[in-house]
Amino acid sequence: ARLGNTSGVAGISLGLAATLGGVHWDMGTYAQFAAIAGGSGALGTAIYSRVDPTSLPQTVAAFHSLVGLAAMFTAIGDYTNLIADASLAYDPVRLCSVGFATAIGGVTFTGSLIAFAKLNGNLSSAALKLPVRDALNASLAAATFASMAILATGPSPGLGLFCLGTNAVLSSVMGLHLVHS
C-alpha cells in the first residue's frame, strides 16, 4: 500500500511538473494555480485524515466523481479556448477528444455518485430495473455520439457549445442509469 501511495504521489507530481513546465502564464495565473492547488490539497488531506478504513470504497467513489466533473470542465474549457482563438485551425482529432472527455467525464461523475450512495447506504444496492433500460441506454449513447459527431465537424461556436452541453447532460444521465441499473 505504501509503494502504491508513493507511486501515485510521484506520478501526480511528475504530471504537474510536466504541465507547469509547458505553460507560459503570467505570475498572477501561477499564484491562482498555487492557491487553488494548495487549498484543494489541504481539503483533501483533511477529508483523508477523517476516513475510516472501512469507509474507503465510498470515499474513493466520491473523489472519483470529482475526477469525472474535472474531465468535463477541462474539456469544455479547452473548447472555449479553442473557439476564442480564431488563429487555431480546425482540428477534428482535438474536437473528438473534447467530445470523448466530456462524455467519459459525465458518465464517471454521476456513476461514481451513485456508486458512493450505494456503498454508503444512502441508496439501495438493488438494481433499478426499468422495463426499457436497454433501449434507454442505447438511445442515450446514440444521442451522445450524435452530439460528438456534430462537434467533430467544427460547427459554429454556439452550436459547438450546445453539442457539448447536450453531451454533458446525456452522458451524465447515462452514468446515473448505467450504475443504478
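Our subject in this report is the structure included herewith. (Residues numbered from 1 in each chain as written. Predicted model: local features only at pLDDT ≥ 70, side-chain atom pairs only at ≥ 80, totals over all residues. Heavy atoms only, no water.)

## Structural notes on the pattern of salt bridges
Which entries qualify depends on this criterion: We define a salt bridge as a contact between a side-chain nitrogen of Lys or Arg and a carboxyl oxygen of Asp or Glu at a distance within 4 Å. Each helix corresponds to a stretch of at least 4 residues labelled H or I by DSSP, and each strand to a stretch of at least 2 residues labelled E; elements are numbered beginning at the N terminus.
All told, the structure shown has one salt bridge when counted by the stated rule. Between Asp-78 and Arg-94 there is a salt bridge whose closest N-O contact spans 2.4 Å. With Asp-78 in helix α3 (residues 56–84) and Arg-94 in helix α4 (residues 92–120), this residue pair connects regions lying 16 residues apart in the sequence.

## Some thoughts on the packing of aromatic side chains
Here is the rule we go by: By convention, a stacked pair of Phe, Tyr or Trp rings (six-membered ring in the case of Trp) has centres within 6.5 Å and planes under 30 degrees apart, an edge-to-face pair has planes over 60 apart, and any other such pair is tilted.
Under the counting rule described, the total for this entry stands at three aromatic pairs. An angle of 70 degrees between the planes, with centres 6.2 Å apart, marks the rings of Phe-100 and Phe-145 as edge-to-face. A residue pair is termed long-range when its members are at least 10 positions apart, and Phe-100 in helix α4 and Phe-145 in helix α5 (residues 133–152) qualify at 45 residues. Of the aromatic side chains, those joined through ring pairs into one cluster are Trp-25, Tyr-30 and Phe-33.

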